[in-house]
Amino acid sequence: MLSRLTSRASLLWKPGPLRESLFYATGLIATRAISLLMLPVNTHFLDLSEYGRLEVLMALADVGAVVFGLALPTTLSRFVGTAQDWEKRREVCAHIFAVAILTSAVLAAAGFAAAGEIARLLPGDPNVTEVRLLVVTLSMEGLLGVGLTWLRIRGAAGTFFTVSIARALLFASLSATFLVSGFGLVGVLAAGSIATVAQGIAVGIIVLRETGVRVRGIEWWPLTIFSGPLLLSALAMFALGSLDRWFLADTVGTAELGIYGVAVRIGAMTAVLLQPFHMWWFPKRFIVLYEPHGVPRSAHVVGLGIVITILGAVAVSLGGPLVIQVMTPAAYHPAIYLIPWIALIYAVQETTSLLELGSFLRRDGFVPLATNAFAAVVVVALYTLLIPRYGVAGAIAATLIAQCARCVVVHVVSQYYMRLPYDFGRLGMVLAVAAVTTAASFALLPDFWVFIGGAIAVPATAATAYALGLLAPYRPPVEEAAQAVGA
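Given the structure is predicted, the values throughout are model-derived calculations rather than measurements.

What follows covers the overall build of the chain. A count of helical and extended segments in the chain gives 22 helices and zero strands. In summary, the chain has a C-alpha radius of gyration of 23 Å against a globular reference of 23 Å for 487 residues, a match within 12%. Expressed as lengths along the three principal axes of its C-alpha atoms, the size of the chain is roughly 70 × 65 × 40 Å. Contacts spanning at least 24 positions in sequence make up 84% of the contacts within the chain whose residues lie at least 6 apart.

This is how it looks when you write it as structure tokens:
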């Protein structure tokens, strides 16, 4: 159902090279499928406490990825976009790739030196070896970010697909081997390090052959003024995405955190289901905005994206419990009651990303920084108040409230810079059908059979959106189309 809706979206705009889009979408689906297949392996060989400690380390990985990445992929896209020819674009990539190498080396050395202190400060009692293995993985973040972005800029979708799938397969095979051999959490982290370094070497060789590395001539100030706010903005989003694990580890312990982590893994599929739409729409959204009828057309496409997000949340909410019960041991089964709420959180997050078009119309990154910083302050305050008293439920409530607040602020700010005529009335009707059918499924069906409700909830939600005209290709009013032709 979701794939058909995304395909229908391509009618709204020429999709560009179909081959590239298929490679990116297929690569995304394949890597996520491999990750999902590893869930029963991890939960079988890692007990609740180890899985909870993995969640603590993954939260460190999230913030570490932001620091090591330094917003260099977005910076590369921005500066390559202003270059006049491919020779200049290669020079820009060579400069930014040099920055990635230098900063990765410095940050990796600092991470190794501080591993003991980091392990001591983190909740969940990770050890120095675990932290250092994570630092090895993170040391490739900047290199891979720049290298993979360059491949997408070049249109090398086949190469992008190959190196991404190869990393996922290598990680899965090594991780399973190490777990079976009894290495536990250290084995999972070691597998991640080896697979990431292998991908980093492969991507580095490709980029070095195409652009080389140039330290001389790097314009440090323009890079800093552009990437700095984006880096701070991403750090603020870490509070909304992973910081709750650290609060929870000290409050509920790593065992309950392991249950929460499994629920998050499944709930996050809500965002994954929207990714093919993201890959199609996001590179074109500013182009479409400034074309004839661009404002109403953009609003219509965003509405379509919101419908897909709602459908994804319903599918994950009702299908996730079956995945948990079939693929994980019984100790993890309490996670099924958390999945609908986490799916809702991701649905709000993805809706915000669709509504934030106007926030990026300025030439700097300070508007996203301000809105994300606002949300970070709200969520940290709520974590402090709610997690000590309510544990996991408090974390979910705090994150949901903060995400909703961020969504409202982003929408208001974006509308200030560019007013788009969203049809929230009809979207609200679709949301109501989704909410009622999902709630009824949980209320009326036994735990194992909740997924059957999806056979009613998903088609009913999609049919409502179709009947309201939200899935149809955009067509300008007849009089406006006639004026455009006349002009």
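Anyway, onward from the coordinates.
The geometry of an aromatic ring pair is captured by two quantities: the separation of the ring centres and the angle between the planes. Summed over the entire model, instances satisfying the criterion amount to seven aromatic pairs. On the basis of an interplanar angle of 85° and a centroid distance of 5.1 Å, the ring pair of Tyr416 and Tyr417 is categorised as edge-to-face. Overall, Tyr416 belongs to the exposed group, its relative accessible area being 67%. For Tyr417, a relative accessible area of 30% gives the class partly exposed. For the ring pair Tyr422 and Phe424, a centre distance of 5.5 Å and an interplane angle of 50° mean the geometry is tilted.

Further remarks concern the layout of surface pockets. Of the volumes computed, that of the second largest pocket is approximately 650 Å³. The wall of the second largest pocket is formed by 26 residues, among which Ala313, Leu344, Ala347, Leu431 and Ala435 lie closest to the centre. At the level of elements, helix H16 (294-327), helix H17 (339-355) and helix H20 (424-444) are the ones that each hand at least two residues to the lining of the second largest pocket. No other element matches the nine residues that H20 contributes to the lining of the second largest pocket. Broken down by class, the residue content of the lining of the second largest pocket amounts to 21 nonpolar, five polar and no charged.

What follows covers unusual backbone geometry. For His293, which is not a glycine, the phi torsion comes out positive at approximately 60°. As for its placement among the helices and strands, His293 is situated in the loop between helix H15 (285-289) and H16.

For the rest of this paragraph, the subject is the side chain of Glu50. Among the secondary structure elements, Glu50 is positioned in helix H3 (residues 48-69). We note that Glu50 is buried and unpaired, the nearest opposite charge coming from Arg53 at a distance of 4.4 Å.

A few words on the nonpolar core. Counting residues in each nonpolar core, the largest one holds 98 residues, and the members touching the most others are Tyr260, Phe277, Trp281 and Ile342. In terms of nonpolar packing, the next biggest core, distinct from the first, is built from 25 residues, Val92, Ala100, Met140 and Val203 among them.

A few words now on the packing of H16 against H20. Each pair of packed helices can be described by the angle between their axes along with the distance between the axes. Two elements in contact, H16 and H20, have axes separated by 10 Å at closest approach and are oriented at 0°. Taken together, H16 and H20 sit at an angle that is classed as roughly parallel. Residues Gly303, Ile306, Val307, Ile310, Val314, Ser317, Leu318 and Pro321 of H16 form the contact with H20, whose own contacting residues are Leu427, Val430, Leu431, Ala434, Thr438, Ser441 and Phe442. Residue classes in the contact of H16 with H20 are distributed as eleven nonpolar, four polar and no charged.

Close inspection of predicted coordinates is inappropriate for parts of the model with low pLDDT. When pLDDT is averaged across the chain, the result is 83; 90% of the residues are at 70 or more. A low-confidence stretch, residues 1-17 (pLDDT under 50), is modelled with 39 contacts involving residues beyond four sequence positions or located in other chains. Note that pLDDT drops below 50 for residues 479-487; the model gives that stretch four contacts with residues more than four away or on any other chain.

Of the residues making up helix H12 (residues 243-251), those classed as buried are Leu243, Asp244, Arg245, Leu248 and Ala249. Gly253 occupies a position one or two residues after H12 and carries a positive phi of about 90°.

Once that is clear, we can look at the state of the cysteines. Disulfide: a covalent bond connecting the sulfur atoms of a pair of cysteines. In the structure shown here, the tally under the stated rule is zero disulfides. For Cys404, which is in no disulfide, the shortest distance to another cysteine sulfur is to Cys407 and amounts to 7.1 Å. When its relative accessible area of 34% is taken as the criterion, Cys404 is described as partly exposed. On the accessibility criterion, Cys407 (14% relative accessible area) is buried.

Along the polypeptide, Ala176 turns up in helix H9 (residues 157-180). Looking at Ala176, the relative accessible area reads 23%, which means it is partly exposed. Taking the C-alpha atoms as reference points, Ala176 and Met38, separated by 138 residues in sequence, lie 8.0 Å from one another. Not counting residues up to four positions away in its chain, the partners in contact with Ala176 are Met38 and Val41.

Right, let's talk about the side chain of Thr328 for a bit. Within the fold, Thr328 resides in the loop between H16 and H17. If we ignore the near neighbours within four places in the chain, the residues touching Thr328 are Leu39, Thr43, Val262, Val323 and His333.

For Ser233, the position within the fold is in helix H11 (residues 220-241). Each C-alpha atom, one on Ser233 and one on Ala376, is 9.6 Å from the other, the two residues being 143 residues apart in sequence.

Summed over the entire model, instances satisfying the criterion amount to seven salt bridges. As a salt-bridge pair, Arg297 and Glu291 come within 3.5 Å of each other at their nearest N and O atoms. According to the relative accessible area criterion, Arg297 is buried, its value standing at 17%. Classification of Glu291 as partly exposed rests on a relative accessible area of 28%.

This next bit is on the packing of helix H5 (residues 86-113) against helix H10 (residues 184-210). Following both chains from N to C, one finds H5 and H10 inclined at 135°, their axes separated by 10 Å at the closest point. In terms of axis orientation, H5 runs oblique to H10. The element H5 and its partner H10 pack so that their crossing is left-handed. Within the contact between the two elements, H5 uses Arg90, Cys93 and Phe97 and H10 uses Gly204, Val207, Leu208 and Glu210. Counted by class, the contact of H5 with H10 contains four nonpolar, one polar and two charged residues.

The rules behind each value
- Per chain, residue numbering runs from 1 following the sequence as it is written.
- Where local features are concerned, this predicted model is filtered to residues with pLDDT of at least 70; where side-chain atom pairs are given and counted, the filter is 80 or more; whole-chain, interface and lining totals use all residues.
- Processing note: side-chain calculations cover all non-hydrogen atoms of the structure and skip hydrogens and water entirely.
- A run of H or I in DSSP becomes a helix once it reaches four residues, and a run of E becomes a strand once it reaches two; helices and strands are each numbered from the N terminus.
- The size measure is the radius of gyration over C-alpha atoms, and the globule rule it meets is 2.2 Å times the number of residues to the 0.38 power.
- Contacts are residue-level and defined by heavy atoms, with any inter-residue pair within 4.5 Å sufficient.
- The aromatic pairing rule takes the rings of Phe, Tyr and Trp, using the six-membered ring of Trp, and pairs them if the centres are within 6.5 Å, calling planes under 30 degrees apart stacked, those over 60 edge-to-face and the rest tilted.
- To sort residues, take the accessible area from a 1.4 Å probe on protein chains only and compare it with the maximum for the residue type: under 20% means buried, over 50% means exposed, and anything in between is partly exposed.
- Using protein atoms alone on a 1 Å grid, points that fit a 1.4 Å probe yet trap it form a cavity, whereas open point sets bounded by protein on both sides within 12 Å along at least five of seven lines form a pocket; residues with an atom within 4 Å of a point count as lining.
- Grid points are joined across faces, edges and corners, and a volume is the space filled by probe spheres set on the points.
- Amino acids are sorted into nonpolar (Ala, Val, Leu, Ile, Met, Phe, Trp, Tyr, Cys and Pro), charged (Asp, Glu, Lys and Arg) and polar (every other residue, Gly among them).
- When charges are counted, Lys and Arg contribute as positive and Asp and Glu as negative, whereas His and the chain ends are disregarded.
- Only one rule defines a salt bridge in this text: a Lys or Arg side-chain nitrogen within 4 Å of an Asp or Glu carboxyl oxygen.
- By convention a nonpolar core is built from buried Ala, Val, Leu, Ile, Met, Phe, Trp, Tyr and Cys residues, the set being connected through side-chain atoms within 4.5 Å.
- Simply put, an axis is a line fit to the C-alpha atoms, just over the touching stretch for a helix, and the angle between two N-to-C directions goes from 0 to 180 degrees.
- In these notes the angle categories are as follows: under 35 degrees is roughly parallel, over 145 is roughly antiparallel, 65 to 115 is roughly perpendicular, and the rest is oblique.
- pLDDT gives the predictor's per-residue confidence on a scale running from 0 to 100.
- Disulfide: a pair of cysteine sulfur atoms within 2.5 Å of each other.
- Left-handed is the label given to a crossing in which the near helix is rotated counterclockwise from the far helix by less than a right angle, and right-handed is the label when the rotation is clockwise.

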